[in-house]
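Read off the chains here:
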Amino acid sequence: MTDPHPLSPVSPRYGGDSLADVLPAALAVLGVPGAVDRLGLLPGLAGVRRIAVLLVDGLGWYQLPVAARHAPTLAGLAATVGRPIVTGFPSTTPTSLVTLGTGAPPGQHGVLGFRVRVPGGDRVLSHVEWADDPDPLRWQPVPTQLTRARAAGVATTVVSRPEFAGSGLTLAANRGGDFRGAADVDALAGAVLTALAAGSGPTLVSAYHPDLDRYGHLDGVDSPRWQAAATELDGLLARLVDGLPADAALLVTADHGQLNVPVEHRFDLDTDPRLRAGVRLVAGEPRVRYLHVEPGAQADVVAAWSAVLDGAARVTTRDEAVAAGWFGPVDPAHLARIGDVVVVCRDTYVVVATASEPPMAARLVGYHGADTAAEMTVPLLVVRG
């Protein structure tokens, strides 16, 4: 079967071949009672007692051929031990990190986008700037897979950038693991391998690497700095593969892919009064907008946005998006975090907000968040020591 066109819509596959299935499958390999292996890892990883899961931010399945030109180790792994899986919706970092960490779809864990409204007022929470308000344990109530593993006697470690220690997003996605800060790829590789070798019992290490996504946003996919980040990632992978203990495995995946967006494909909701009419609050991000509307304005907002965007996006209501299964089953307590109107950009279009959001957000080159194959499809590479 060939991959769908990069700009074709892809539906989430909650409960089968999805990002949410990665850690439950790893726990099943490690013998955690009740863990389910929906990815079919058990036959190939029989006898494995230590697993490292590396999430590479922005490394979509459709970016692999581009990255492979600068990353021979990655190219070899993708060709021999790689396959595509599908992330959740929206295809954005906070949502995907918590989907990976909990093994639950977004509708259950509640981290439903990059920026979401906090119910009960007009505050918008940016999950990447989240500290302790709202309380991470209440905002994201689902136990993490690391917590489940630790309760079963598995040694659990999280390796990420030092500045992420104790953040709301880290607690939402990875509570239950001992945090180890790693400021660069050398420190990341060393910390992962040290944690894998630290004990004789079952071990799980969850690691995160952000640089490919960063330079994709700033400069674009296949830009010189993106290429350099791919080469640096390749060195990280080579070191991890070479250092795996004999009873260990490395799983490599990603939170989303990325698309370069031309300037002429950008709508600005802050300069077009038709897009502001009836809208009380805007959340989400440029590829997926959540619109919280004035009472009675929902139908007018849907009509206005549909007319202005004119095929550049799907404009629908929250109820329709939930019924279509975009978020998986949605806890009623989380419904108000989704906009009354949901706007999902097609092709390579975005809706920026030059006056009401940080200026950098409108000047990026690479974006993600929507449901195209290029954004939703991510790799799963399975390497045995």
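Above this text is the structure in question.
Residues numbered from 1 in each chain as written. Predicted model: local features only at pLDDT ≥ 70, side-chain atom pairs only at ≥ 80, totals over all residues. Heavy atoms only, no water.

**Student:** Would you mind showing me how to read the overall build of the protein chain here?
**Tutor:** Along the backbone of the protein chain there are 16 helices and 17 strands. The globule rule puts the C-alpha radius of gyration for 385 residues at 21 Å, and the 20 Å found for the protein chain is close to it. Each principal axis of the C-alpha distribution contributes one length, and for the protein chain these read about 60 × 40 × 40 Å. Taken across its 385 residues, the protein chain has 58% of its residues classed as buried. Taking as baseline every contact in the protein chain between residues at least 6 positions apart, the subset at least 24 positions apart corresponds to 75%. For the protein chain, the exposed surface amounts to about 14,300 Å²; the carbon and sulfur share of it is 55%. Positive and negative side-chain charges of the protein chain, numbering 30 and 39 respectively, have mean locations separated by a distance of 4 Å. (Helix = DSSP H or I, 4+ residues; strand = E, 2+ residues; numbered from the N terminus. Rg over C-alpha atoms; globule rule 2.2 N^0.38 Å. Buried < 20%, exposed > 50% of the residue type's maximum accessible area, 1.4 Å probe, protein only. Contact = heavy atoms within 4.5 Å. Areas by Shrake-Rupley, 256 points an atom, 1.4 Å probe, with all protein chains shown as cover. Lys, Arg positive; Asp, Glu negative; His and termini not counted. Charge placed at Lys NZ, Arg CZ, Asp CG, Glu CD.)

**Student:** Any chance you could explain the nonpolar core here in plain terms?
**Tutor:** Generally speaking, soluble globular proteins have nonpolar side chains that are buried together. Of all hydrophobic cores here, the largest spans 102 residues; its most connected members are I51, L54 and L204. Sort the elements by how many residues they give to this core and helix α9 (residues 185-197) lands first, with eight residues. Sequence-distant contacts of L204, that is, excluding residues within four places in its chain, are made with L23, A26, L27, L30, I51, V53, L146, A149, V154, A155, T156 and T157. (Core = buried A, V, L, I, M, F, W, Y, C linked by side-chain atoms within 4.5 Å.)

**Student:** Where do I start with the pairing of strand β7 (residues 203-209) in this structure?
**Tutor:** When a strand is regular, its side chains alternate between the sheet's two faces. Within β7, seven of the seven residues are buried, which leaves the element mostly enclosed by the surrounding structure. Taking every second residue as pointing to the same face, both faces of β7 are buried, with T203, V205, A207 and H209 on one and L204, S206 and Y208 on the other. By the bridge criterion, seven bridges tie strand β1 (residues 50-56) to β7 in an arrangement that is parallel. In the strand pairing of β7, V53 is matched with S206. Bridging between strand β5 (residues 155-160) and β7 involves five bridges; their strand directions are parallel. Across the sheet, residue T156 finds its bridge partner in β7, namely L204. (Pairing = 2+ DSSP bridges.)

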